[in-house]
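Below are the chains, spelled out letter by letter.
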Amino acid sequence: MAKRDYYEVLGVSKTADEKELKKAYRKKAMEYHPDRNPDNKEAEEKFKEVNEAYEVLSDSEKRAAYDRFGHAAFEQGGMGSGFGGFQGGFSGFGGFEDIFGDLFGGAFGGGSRQRRNSPIKGSDIRYRMNISFEEAAFGVEKEITITREDECSACHGTGAKAGTQPQKCGTCGGSGQVNRQVKTPFGMMMSTTTCPTCQGAGEVITEKCEKCHGAKTETKRTNKKVRIPAGIDDGATIRMAGEGNQGMRGGPKGDVYITINVSPHKHFRREGYNVWLEIPISFVDAALGADIKVPTLDGDVKYKIPEGTQTGTVFRLKGKGITFLNSDRRGDQMIKVIIQTPKKLNAKQKDALKNFDKLLNPKKYRDVKSSELDDNLESESIHENHSEESSDTEKKGFFKKMKDFMEGEI
């Protein structure tokens, strides 16, 4: 008997899009599904025909071949020879289950199923660890205590009393699943559910372990050493594989995930792999320059502050920062200089500063009379001709005057 046109089988036009194809397929598949038509060979054949048509037309490459060559594209010797297992039928009606599984929760029998009693990996454990700024910078080894579910030491994970063994479930035959009929708006359909006797385990414990009472695990505390790598940052997570809770039915243990909390430092601030430090210096040290003591992660070091340093200036100490992860390389330490202004001065200190200011800015303190205004203007205009020549000299002389004044007056 000649095969019908696939578009005709689904009742759509040759220009139908994916959405129209799926809608038509659902309607036809529901109409001819064997669960709705028990012992109806004609409906079964039509259901296979609908599946075959949709299998081809829902695939863009197969559809293109069908549009060009028709059924010959899939016959022996033609394009795509023997594809899709058409000659062998559609065992289990997989296409139908794929579309309707989300609506009926796997209620249609015959398809491939995952065994309920397959191995299951144990659950993971979350842990938080506090470390110092320096420990994060250079790395550290810590010991933690993990509370987890381990294999029962009495029954060794069988859940059965010593001298006994679990028995295969007589209800499901060890599969962990049972089939039952479900009444739906479309008729009676087959549903696969977890075995009510063994709860999906596939076995029944007749005499439970006296220690774990059939749970197969017991709560234990264990100490584990953890290596925290140098350069780790706040909020990072370390994974300890296979150190979590016991798996089920022979499944592997879960993992332990350790989230790192890095305590802030009193003086240092981290930016990437660099360390920042604000350090206060006096006005005199900034003006004259000085050797200052600078704290670093490796201890105090001496650093030469050049004369004339302005507040907010940043200096760099190479290789004094944070260690890069999985590397011997280190970031730098950035030193931001903050010049401190004295808040309280005694009379002698105030007079000294005023005298120094007079020394630096004599014009500021000159008593200018109105009768001398023209002479002053003339004098200033004369000095302007030499301003460029004298500016460099004045700058060079500032620090010498500052030094001489401070050494002689304060």
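Just above, that's the structure.
Residues numbered from 1 in each chain as written. Predicted model: local features only at pLDDT ≥ 70, side-chain atom pairs only at ≥ 80, totals over all residues. Heavy atoms only, no water.

Enquirer: An account of the sheet that holds strand β1 (residues 125-131) is needed here, citing residue identities and associated values.
Expert: Strands in a sheet are paired, the pairing made by backbone hydrogen bonds, and the direction either parallel or antiparallel. Strand order in the open sheet made by the three strands is β1-β9-β8, with mixed pairing throughout. Across the chains shown, the open sheet's two edge strands, defined by having one partner strand only, are β1 and β8 (237-240). The sheet shows a mean angle of 25° between the axes of neighbouring strands, taken without regard to direction. Here β8 runs beside strand β9 (residues 256-262); their pairing, made up of four bridges, is antiparallel. Each bridged residue has a counterpart across the sheet, and for M240 the counterpart in β9 is V256. (Pairing = 2+ DSSP bridges. Helix = DSSP H or I, 4+ residues; strand = E, 2+ residues; numbered from the N terminus. Axes fitted to C-alpha atoms, helices over the stretch in contact; angles between N-to-C directions.)

Enquirer: Please provide a residue-by-residue account of the environment of E203, values included.
Expert: Along the polypeptide, E203 turns up in strand β6 (residues 203-204). A sequence separation of 27 residues divides E203 from G176, and the C-alpha atoms of the two residues are 7.9 Å apart. For E203, the side chain forms a polar contact with the side chain of K216, separated by 3.1 Å. (Polar contact = N/O pair within 3.5 Å; in protein donor to acceptor, adjacent residues only side chain to side chain.)

Enquirer: I'd like a description of the packing of helix α2 (residues 18-32) against helix α3 (residues 41-57), backed by residues and values.
Expert: Two numbers describe how α2 lies on α3: the axes approach to 9 Å, and their chain directions differ by 165°. Put simply, α2 runs roughly antiparallel to α3. When the axes of α2 and α3 are compared, the crossing they make is left-handed. Two secondary-structure elements touch here, α2 through L21, K22, Y25, K28, A29 and Y32 and α3 through A43, K46, F47, V50, N51, Y54 and L57. Of the residues contributing to the contact of α2 with α3, the split by class is nine nonpolar, one polar and three charged. (Parallel < 35°, antiparallel > 145°, perpendicular 65-115°, else oblique. Left-handed = near helix turned anticlockwise from the far one by under 90°. Contact = heavy atoms within 4.5 Å. Nonpolar A, V, L, I, M, F, W, Y, C, P; charged D, E, K, R; others polar.)

Enquirer: Report on the packing of α3 against helix α4 (residues 60-69), specifying residues and quantitative values.
Expert: Look at α3 against α4: their axes get within 6 Å of each other, and the N-to-C directions meet at 105°. As the angle between them shows, α3 and α4 are arranged roughly perpendicular. The segment α3 lies against α4, with E55, V56 and L57 engaging K62, R63 and Y66. Each residue belonging to the contact of α3 with α4 can be placed in one class, and the counts come to three nonpolar, no polar and three charged.

Enquirer: Go over the pattern of salt bridges, please, and point to the residues and values.
Expert: Taken as a whole and assessed by the stated rule, the structure comprises 21 salt bridges. The partner of D255 in a salt bridge is R239, and the shortest N-O contact between them spans 3.1 Å. Of the two residues, D255 is situated in the loop between β8 and β9 and R239 in strand β8; the sequence distance between them amounts to 16 residues. With relative accessibility at 3%, the residue D255 sits in the buried group. Each of the salt bridges in this network shares a partner with another, and the network as a whole consists of R148, D150, K224, E243 and K253. (Salt bridge = Lys/Arg side-chain N within 4 Å of Asp/Glu carboxyl O. Buried < 20%, exposed > 50% of the residue type's maximum accessible area, 1.4 Å probe, protein only.)

Enquirer: Tell me what's going on with the environment of E31, and back it up with residues and numbers.
Expert: On the secondary structure map, E31 appears in helix α2. Residues E31 and A43, twelve residues apart in the sequence, show an inter-C-alpha distance of 8.4 Å.

Enquirer: Please provide a residue-by-residue account of the sheet that holds strand β15 (residues 333-340), values included.
Expert: Taken together, four strands build an open sheet; the order of strands is β10-β11-β15-β14 and the sheet is mixed. Each edge of the open sheet carries a strand with a single partner, namely β10 (269-271) and β14 (314-317). Going across the sheet, the axis of each strand differs from the next one's by a mean of 35°, ignoring polarity. Pairing of β14 with β15 involves four bridges; the strand directions are antiparallel. The residue bridging R316 from the neighbouring strand is M334, located in β15.

Enquirer: Tell me about the packing of aromatic side chains, and please be specific about residues and values.
Expert: Per the counting criterion, the structure on display carries six aromatic pairs. Judged by centre distance (4.3 Å) and plane angle (10°), the rings of Y25 and Y54 are stacked. With a gap of 29 residues between them, Y25 in helix α2 and Y54 in helix α3 connect regions that are remote in the sequence. Y54 carries the same exposure label as Y25, and that label is buried. Three or more aromatic residues link up through ring pairs in this structure, and these residues are Y6, Y7 and Y66. Cation over ring: R329 sits above F324, and NZ or CZ is 4.2 Å from the ring centre. (Phe/Tyr/Trp six-rings, centres within 6.5 Å; stacked < 30°, edge-to-face > 60°. Lys NZ or Arg CZ within 6 Å of the ring centre and 35° of its normal.)

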